[in-house]
Amino acid sequence: MDTALTRTQLVRWRAAIFTIFFITGLGFASWASRLPAVKADLGINDLQLGVLLFVSGAASIVGLSLANVIVARWGARRGMFATIITFSAGGLVAGLGVQFLQSYAVVCVAMVLLGIGMSATDVMMNVEAAAVEQSFEKTLMPLFHAFFSFGTVAGAGIGIAMAAWNVGVAWHLWGAGALVLIAGLLSLTAVPTREIVHDDPATTVSRRERFAELLSVWRDPRTYAIGAIMLGMAFAEGSANDWLTIAMVDGHGQTDAVGAIALTVFSIAMTVFRVLGGPLVDRIGRVWTLRILSVAAGVGLITFILAPTLPIAFVGIALWGAGASLGFPLGMSAAADDPKKAAASVSAAATIGYLAFLCGPPVLGWISHQIGILPTLWIIVGLIAMSGLASGAAKPIAGSKVGAGHH
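Rules used in this analysis
- Residues numbered from 1 in each chain as written.
- Predicted model: local features only at pLDDT ≥ 70, side-chain atom pairs only at ≥ 80, totals over all residues.
- Heavy atoms only, no water.
- Helix = DSSP H or I, 4+ residues; strand = E, 2+ residues; numbered from the N terminus.
- Rg over C-alpha atoms; globule rule 2.2 N^0.38 Å.
- Buried < 20%, exposed > 50% of the residue type's maximum accessible area, 1.4 Å probe, protein only.
- Contact = heavy atoms within 4.5 Å.
- Areas by Shrake-Rupley, 256 points an atom, 1.4 Å probe, with all protein chains shown as cover.
- Lys, Arg positive; Asp, Glu negative; His and termini not counted.
- Charge placed at Lys NZ, Arg CZ, Asp CG, Glu CD.
- Axes fitted to C-alpha atoms, helices over the stretch in contact; angles between N-to-C directions.
- Parallel < 35°, antiparallel > 145°, perpendicular 65-115°, else oblique.
- Left-handed = near helix turned anticlockwise from the far one by under 90°.
- Polar contact = N/O pair within 3.5 Å; in protein donor to acceptor, adjacent residues only side chain to side chain.
- Core = buried A, V, L, I, M, F, W, Y, C linked by side-chain atoms within 4.5 Å.

A.B. asks: Talk me through the overall build of the protein; I want residue IDs and the actual numbers.
C.D. replies: Secondary structure summary: the protein contains 15 helices and 0 strands in total. For the protein, the C-alpha radius of gyration of 21 Å lies close to 22 Å, the compact-globule estimate for 407 residues. C-alpha extents for the protein along the principal axes are approximately 65 × 50 × 35 Å. Put simply, the protein has 407 residues, and 54% of those count as buried. The contacts of the protein with a sequence gap of at least 6 include a subset with a gap of at least 24, amounting to 84%. Summed over all atoms, the accessible surface of the protein reaches about 17,100 Å², with 69% contributed by carbon and sulfur. Of the charged side chains in the protein, 23 are positive and 20 negative, and the gap between their average positions amounts to 6 Å.

This is the structure we're talking about:
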């Protein structure tokens, strides 16, 4: 345990980061759940909507790089004050652009704010979550990511209700943005102001040296191996979010409703394993957990692709969801093992993972257009295998008490 903080301070810190994960998920899903209304209100086609999503994706990559610089300069706690405000401002501008100005250009600006605010907050909340984890000396990262999932479920649920009651996009996004802002800034008051990444004031490095340190993680082979774990699992997760419903309908000839149920089953399996994942990792260790789950994800996906009947397809989906659940959080955990390099490593690992989330869906879409959706999913099976083979890189580094397991 971190001796500098009392038990109460530690618990408040943990609760604050849980809250930030939850509201980030809620804010993200609030926007995503209203895309049909956004499309209708702006009078745009699928291509133009795709451009909006691309703008937000490109801004996310900028946010990931900025997060690095912000953490090095001001620390994660102060940085999150700025990024949560940016994220909320994105919701405000989006509501204004969609409902009142009906301006595509204004919504593009909103996408930039949302993308930067969301991804930069994402890196910093993971840096803080890793610090909480090290202070408690047990695996908590999967549970933090489960709270993000709870937030997305809550945000999507509220979005469904708002759409059903014909509540305007602006009022919905402004309400969500206000909630994110207030809950986020209140939570940050419980986050301790740590000396940024444990710098000793007597040996304060110059800004140039600090930036050189930030870039050095890109020369570390472990960064790429952890990136490979996260890339495979981000594809496994992202491909389900984007293509599972379509694979159910076009591949297995089911109705839209069955497609929606399939995605729900996947999400539930994933969330349950994120809730249960920490104790499992503390028992058998991070590496073995990742190996076992990559086998589960691969077997599940193959079962889904080849399923002769609907019940077998659902068994495959549940295994796929469970298997894909911990790759991303445990990759983040592994990246943050060295507190001095935590921000830079988490940002680098997150960049690799994010690229999979952003580039995966369009690439898979293009391939499935050529060969069909079910054959395309074999590519994901290959990426899951790669993730499993790279699992050894997640072995905790010397001195880290998190994720080693008790053999």
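A.B. asks: Which residues make up unusual backbone geometry, and what are the values?
C.D. replies: Trans is the common state for peptide bonds, and a negative phi is the common state for residues other than glycine. Here the phi dihedral of Glu137 falls at roughly 55°; this positive angle occurs in a residue that is not glycine. Along the chain, Glu137 turns up in the loop between helix H5 (104-136) and helix H6 (141-164). For Glu137, a relative accessible area of 36% corresponds to the partly exposed category. Phi angles above zero are rare outside glycine, and Asn166 is one such case at about 55°. Structurally, Asn166 can be placed in the loop between H6 and helix H7 (169-188).

A.B. asks: Describe the packing of helix H3 (residues 46-74) against H5, listing the residues and the values that go with them.
C.D. replies: Packing of H3 against H5 brings their axes to within 6 Å, and their N-to-C directions diverge by 40°. Between H3 and H5, the crossing angle belongs to the class labelled oblique. Two packed elements cross with a definite hand, and for H3 against H5 that hand is right-handed.

A.B. asks: Explain the side chain of Thr121 to me, and be specific about the residues and the numbers.
C.D. replies: Tracing the sequence through the fold places Thr121 in helix H5. The class for Thr121 is buried, based on a relative accessible area of 1%. In this structure the side chain of Thr121 is engaged in a polar contact, spanning 2.9 Å, whose partner is the side chain of Thr83. Residues contacting Thr121, with those up to four places away along its chain left out, are Ile20, Thr24, Met80, Thr83 and Ile84.

A.B. asks: Lay out the side chain of Ser30 in plain terms, naming residues and giving numbers.
C.D. replies: Relative to the elements of secondary structure, Ser30 occurs in helix H1 (residues 7-32). Residues contacting Ser30, with those up to four places away along its chain left out, are Gly155, His172, Leu173 and Ala176.

A.B. asks: Please give an account of the nonpolar core that cites residues and values.
C.D. replies: With 109 residues, the main nonpolar core has Ile17, Trp31, Leu301, Phe304 and Ile380 as its most contacted residues. With 16 residues, the single largest contributor to this core is H5. Excluding anything up to four places from it in sequence, Ile17 contacts Met80, Met125, Glu128, Ala129, Val132, Phe144 and Val191.

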